[in-house]
Amino acid sequence: MRTAALCALLLAACGPDEGAVSEPEPTPDPVPDPDPDPDPDPDPDPDPDPDPPAASPSAPEAGCEVSEPARVFGGDAWLDVAGVDGGFVAAGVSRLGDGEHAFAVSLAPGAAPRLIARRALDDDAVDGHRRAGPAVAARGTSVALALQDGRRRLQLARFESTGDGPLRFAPVAEGASLQFPPSLDWSGDDLLAAWTDQETGRRRVFARALRATGRSPAAVDVTPSSGGAAAPSFVAGADPPVLAFVDAREAMSVVHRVAFEDGAFGAPEVARPVSLLTDPPVLAAVDMHQTEWVAYSGIGSAATTAVGLMPLIGSNAPVPVVPGQGYGVLHLDAAPFAGGAVIAADAPLARTPDSDREVHLRPVDASGQLDDPVAIRGPRGTASRARVAVSAGVIAVAFVESDGAYVALARCASP
């Protein structure tokens, strides 16, 4: 990996009701220091207040240049990241001490992270029960954060990336699984949400359109009548929106797609089979030059875990994003970039399921041809729970280490 010491991108270190979603007005939590650390005796930041460097004018001719990661929040965090006008928003939930806190942070190239808001969850998940992160979607400066609380309610907060103040959550649905992240997308002024429900022991995917005005329709069960469904992922960059999810089986699973047209979710369609997914399955879908692709965490050679990439529709064989070199579920994400996409995925550093990991960032062109991986690690030498977003040609890679959530910004040559 080529690290640009004076890169412009270097960050300064540091139950469902059928009506419209309401926005209650809770008493706001006080806004704390933007980088809380739950450790009783935390290590000091190596360079707590550096001067932001001057801006870099363009992407490299080949490969990627990646900034030093900046910590955006402390604790055992799960987060997502989305591009907004002027930069990015990273938001999520983190365990600090005995409880969980939701947070949202604004990031811009050449500037220190800025805490937008933070609040303690009224119903936090029991320590260790949260196995998947939240979802963030943004359009312009409008941002939406969806997460599951400890009562398995899907909660939604809307806020402005340019603002300050408390996160105000409103319930969207009951029964949202803590094992799978929700997914968000926009359709005009309306926000679309999808999530996995396994309250009955059977995995199902529900989707709901949250109207900007008027009453929002009830959630729709898009699960195939003869199977199950999990790991929903709106196809990033698809217009009109498309939702992908998987009916996971022991050997051969089936990926489905659901189109959102004329204000409603259609019937699930079989997209293609895929073999030997991890349990739980992990999926990320992206549109590349009007072709839908899906990346997934699967079982590779010698029963090791790998990340594959394949067209959502068709029979092309998957190409490896992360080869099978260790065990355990790998988290991943994808975003449109320069006519193709960028994929960020966990990569194990040893073979055991609980081994340390790093994040591999890989641009891919519209034909599925991948560039060489760029390894990203935090200051402690690891990185996991990868998420990625693109804004104005800049790539944000979000991940976690043992002491909190981090974001690194990158510029990559067009694939």
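Here's what I pulled together on the structure shown here.

Attention now moves to the pairing of strand β17 (residues 242–247). Buried residues dominate β17, accounting for six of its six residues. Because side chains alternate across β17, one face comprises the buried residues Val242, Ala244 and Val246, and the other comprises Leu243, Phe245 and Asp247, equally buried. Pairing analysis gives three bridges linking strand β16 (residues 230–234) to β17, with the strands arranged antiparallel. Each residue of the ladder has a partner; that of Phe234, found in β17, is Leu243. Pairing between β17 and strand β18 (residues 252–261): six bridges, direction antiparallel. By the bridge assignment for β18, Val242 is matched with Ala259.

With that settled, consider the sheet that holds strand β13 (residues 190–197). Overall, antiparallel pairing links the four strands, which are arranged β12-β13-β14-β15 in an open sheet. Each having just a single partner strand, β12 (183–187) and β15 (220–221) make up the two edges of the open sheet. Bridge analysis of strand β14 (residues 204–210) against β15 gives two bridges, and the strand direction is antiparallel. Opposite Ala207, over in β15, you have Val220 as the bridge partner.

Let us now look at the pattern of salt bridges. Opposite charge on two side chains permits them to pair, given that their charged atoms come into close proximity. All told, the structure shown has 23 salt bridges when counted by the stated rule. Between Arg130 and Glu100 there is a salt bridge whose closest N-O contact spans 2.9 Å. Residue Arg130 is found in the loop between β7 (114–120) and β8 (135–139), and its partner Glu100 is found in strand β6 (residues 99–107); the two are separated by 30 residues along the sequence. Accessibility expressed as a relative area gives 7% for Arg130, which makes it buried. Residue Glu100 is classed as buried on the basis of its relative accessible area of 6%. Of the charged contacts, one joins Arg153 and Asp149 as a salt bridge, the two residues approaching to 2.8 Å between their closest N and O atoms. Exposure class is identical for Arg153 and Asp149. Each is buried. Salt bridges here are not isolated pairs; linked through shared partners, they connect Asp123, Asp149, Arg151 and Arg153.

Below, the discussion takes up the environment of Val246. Locating Val246 in the fold gives a position in strand β17. What makes Val246 buried here is its relative accessible area of 0%. Remark: the alpha-carbon pair of Val246 and Pro281, spanning 35 residues in sequence, is separated by 7.9 Å. With near-sequence residues (within four places) excluded, Val246 lies in contact with Gly228, Ala229, Ala230, Ala231, Ser253, Val254, Val255, Leu277, Pro281 and Leu283.

A separate point is the sheet that holds strand β27 (residues 357–364). The four strands lie next to each other as β25-β26-β27-β28, forming an open sheet whose pairing is antiparallel. Looking at the sheet topology across the chains shown, the edges are occupied by β25 (332–337) and β28 (374–376). If you compare each strand with its neighbour and ignore which way they point, the axes differ by 25° on average. In this structure, β27 lies alongside β28, joined through three bridges in antiparallel fashion. Its bridge partner lying in β28, His360 is registered against Ala375.

Analysis parameters
- Residues numbered from 1 in each chain as written.
- Predicted model: local features only at pLDDT ≥ 70, side-chain atom pairs only at ≥ 80, totals over all residues.
- Heavy atoms only, no water.
- Buried < 20%, exposed > 50% of the residue type's maximum accessible area, 1.4 Å probe, protein only.
- Helix = DSSP H or I, 4+ residues; strand = E, 2+ residues; numbered from the N terminus.
- Pairing = 2+ DSSP bridges.
- Salt bridge = Lys/Arg side-chain N within 4 Å of Asp/Glu carboxyl O.
- Contact = heavy atoms within 4.5 Å.
- Axes fitted to C-alpha atoms, helices over the stretch in contact; angles between N-to-C directions.

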